[in-house]
Amino acid sequence: MNRTVFGALAVLATSTLGYASETEEWLGLDKELESLRSTMTASQGGEALGISGFFRTTYTYDSDADLGGFNIDNVRLDFSATVEDFEIYVQYEASGTPQAATDLFAGVERVLDAYGAWNLSEEFKVTFGQFRPAFLNFSKAQNEDTLFFANRSFNEFFWASRDAGVELSGNFESFRWWAGLSNGFDGTADELAFFGRVAFGTGEGIGTVQGAMDASEDLAFQVGGGLFLDDSIEEATGEDALAWALDAQLAMDIFSAWGDIVYYDEGYSVLAGGGGDDTTWELAGTVMFVPERWEAGVRYEDQGDVFIPGLTALTFGINHYRAGHDAKFFLDLAIVDNDIQDTEQLTLGTNLGW
């Protein structure tokens, strides 16, 4: 499409400049450009189309397994469009790498997000299709290219899952809320999952990236909480399957910090063969020691006994930005400890986006 547009502009410029005076040249060119713009808009039915994406690759070494190798983590394409009061969003992943703990299609190229949203007003929106149900902040708002650390924490990875359903949300300046229904663990069977989240925050950009990149000099923060009840897990395990979460995030100038705590009822643990109902939590912080170029951070997480008994992880990370998160290199060292074995994982990678 760009070649067509540039070619048309070249023809218009050549024809106009060849047969008019200097003043008339520019007046004529303006008219031709406006005519071309109107034609393109009319042919698109008033739609606004956006295309973006990113490519992410890593090298990982695991000391316990004594294994190391390269991996293409993401080859992502995002398509968005607006038609009147409707938004359309489709996200396609070509790498085949698991994107969440419940990703059943690892190794298969697939559509991740595919949803439409109807803006009922400036405050209310209805979203329908396949998306991340609103529960935990980082799983809702952030894709892999905007994460500070090379890998998601356990809570982020578990709740980064997509599901088909419907969601109603509201935005009242500093206060936001979400509530909806999705298929849940049993897919399109008869049971559904209910989710809800509320969040309060001030400042620009908070909740869209991890770390202090592009943080303002003023304090920006967000606190929130969520509930997720999956009736299909209760039916499958005979145990309650309610999860609740509290999370917070702040950024100011060269500093950032975030954390969350998630409680899982025993139904989740029975499903995964863990050690019972328990809480998992994480706490992280970063500092930009060379503004807009170098940032270092540390994260500690404790997974309790929900899935893998006694699992903890301490991760050190450093990012080098060439063009923010759209062009960066990252290096992580994760020290993982559980009741069975300990290991260290070193991850080096790069992210390029547009």
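Worth saying up front: this structure is predicted, and the values here are computed from it rather than measured. (Residues numbered from 1 in each chain as written. Predicted model: local features only at pLDDT ≥ 70, side-chain atom pairs only at ≥ 80, totals over all residues. Heavy atoms only, no water.)

So, the overall build of the chain
So, step 1. Helix and strand counts for the chain come out as 6 helices and 16 strands.
So, step 2. The buried share of the chain, taken over its 354 residues, is 40%.
So, step 3. Considering only contacts in the chain between residues 6 or more positions apart, those separated by 24 or more positions represent 55%.
So, step 4. Total accessible area on the chain stands at roughly 18,100 Å², and carbon and sulfur atoms take up 61% of it. (Helix = DSSP H or I, 4+ residues; strand = E, 2+ residues; numbered from the N terminus. Buried < 20%, exposed > 50% of the residue type's maximum accessible area, 1.4 Å probe, protein only. Contact = heavy atoms within 4.5 Å. Areas by Shrake-Rupley, 256 points an atom, 1.4 Å probe, with all protein chains shown as cover.)

A word on the pattern of salt bridges
So, step 1. Applying the stated rule across the entire model yields 8 salt bridges.
So, step 2. Linking E301 and R299 is a salt bridge whose minimum nitrogen-to-oxygen distance equals 3.7 Å.
So, step 3. R299 sits in the buried class, given a relative accessible area of 3%.
So, step 4. Members of the salt-bridge network, linked through shared partners, are R76, E93, E144 and R152. (Salt bridge = Lys/Arg side-chain N within 4 Å of Asp/Glu carboxyl O.)

Brief notes about a negative patch on the surface
So, step 1. Together, D64, D305, D337, D339, D342 and E344 give the surface a local cluster of negative charge.
So, step 2. Topologically, D339 is positioned in the loop between β15 (327–337) and β16 (342–353). (Patch = residues over 30% accessible without salt bridge, like charges linked within 9 Å, V, L, I, M, F, W, Y side chains within 5 Å. Lys, Arg positive; Asp, Glu negative; His and termini not counted. Charge placed at Lys NZ, Arg CZ, Asp CG, Glu CD.)

A short note on the pairing of strand β5 (residues 124–131)
So, step 1. With 6 bridges connecting them, strand β4 (residues 110–119) and β5 associate as antiparallel partners. Residue pairing for β5: A117 is matched across the bridge by T127.
So, step 2. In this antiparallel pair of consecutive strands, β4 and β5, the connection spans 4 residues.
So, step 3. Sheet analysis places β5 next to strand β6 (residues 163–172), joined by 8 bridges and oriented antiparallel. Each bridged residue has a counterpart across the sheet, and for T127 the counterpart in β6 is E167. (Pairing = 2+ DSSP bridges.)

Observations concerning the packing of aromatic side chains
So, step 1. Tallying each qualifying case throughout the model produces 24 aromatic pairs.
So, step 2. Ring geometry for Y264 and Y268: centres 5.6 Å apart, planes at 75 degrees, overall edge-to-face. For the pair formed by Y264 and Y268, the shared burial category is buried.
So, step 3. When the ring of W281 is compared with that of Y300, the centres are 5.5 Å apart and the planes differ by 50 degrees; the resulting orientation is tilted. Taken as a pair, W281 in strand β12 (residues 278–290) and Y300 in strand β13 (residues 294–302) lie far apart in primary sequence, 19 residues in all.
So, step 4. Residue W281 is classed as partly exposed on the basis of its relative accessible area of 35%.
So, step 5. Looking at R299, its charged tip hangs above the ring of F149, at a distance of 4.6 Å from the centre. (Phe/Tyr/Trp six-rings, centres within 6.5 Å; stacked < 30°, edge-to-face > 60°. Lys NZ or Arg CZ within 6 Å of the ring centre and 35° of its normal.)

A look at the side chain of S256
So, step 1. Relative to the elements of secondary structure, S256 occurs in strand β11 (residues 255–264).
So, step 2. For S256, a relative accessible area of 5% corresponds to the buried category.
So, step 3. Looking at S256, its side chain comes within polar contact range of the side chain of T286, at 2.5 Å.
So, step 4. If sequence neighbours within four positions are ignored, S256 has contacts with G211, A212, L250, A251, G285, T286 and E295. (Polar contact = N/O pair within 3.5 Å; in protein donor to acceptor, adjacent residues only side chain to side chain.)

Some points on the side chain of T280
So, step 1. Note on placement: T280 falls in strand β12.
So, step 2. For T280, a relative accessible area of 1% translates into the label buried.
So, step 3. Within the local environment of T280, its side chain forms a polar contact with the side chain of N155, the two groups lying 2.6 Å apart.
So, step 4. In contact with T280, not counting residues within four places along its chain, are F154, N155, D260, I261, V262, Y264, D302, Q303 and V306.

Describing the nonpolar core
So, step 1. In this structure, F135, W159, Y264 and Y268 are the most contacted members of the largest nonpolar core, which totals 21 residues.
So, step 2. Residue contributions to this core peak at 3 residues, all from strand β8 (residues 193–202).
So, step 3. When neighbours within four sequence positions are excluded, Y268 is seen to be in contact with F158, W159, F228, D230, I233, A241, L242, A243 and F307.
So, step 4. In terms of nonpolar packing, the next biggest core, distinct from the first, is built from 8 residues, F148, F149, W258 and A284 among them. (Core = buried A, V, L, I, M, F, W, Y, C linked by side-chain atoms within 4.5 Å.)

A few points about the confidence of the model for the chain
Low pLDDT marks regions whose predicted coordinates should not be analysed in detail.
So, step 1. Here the chain averages 83 in pLDDT, while 83% of its residues score no lower than 70.
So, step 2. Every residue in residues 1–27 is under pLDDT 50, and counting partners more than four places away or in other chains gives 15 contacts.
So, step 3. A low-confidence stretch, residues 35–46 stays under pLDDT 50, and its non-local contacts, those more than four residues away or across chains, total 7 contacts. (pLDDT = per-residue confidence, 0-100.)

Here we look at the environment of T350
So, step 1. Within the element layout of this structure, T350 appears in strand β16.
So, step 2. Remark: the alpha-carbon pair of T350 and T57, spanning 293 residues in sequence, is separated by 5.8 Å.
So, step 3. Sequence-distant contacts of T350, defined by excluding residues within four places in its chain, comprise F55, R56, T57, K328, F329 and F330.

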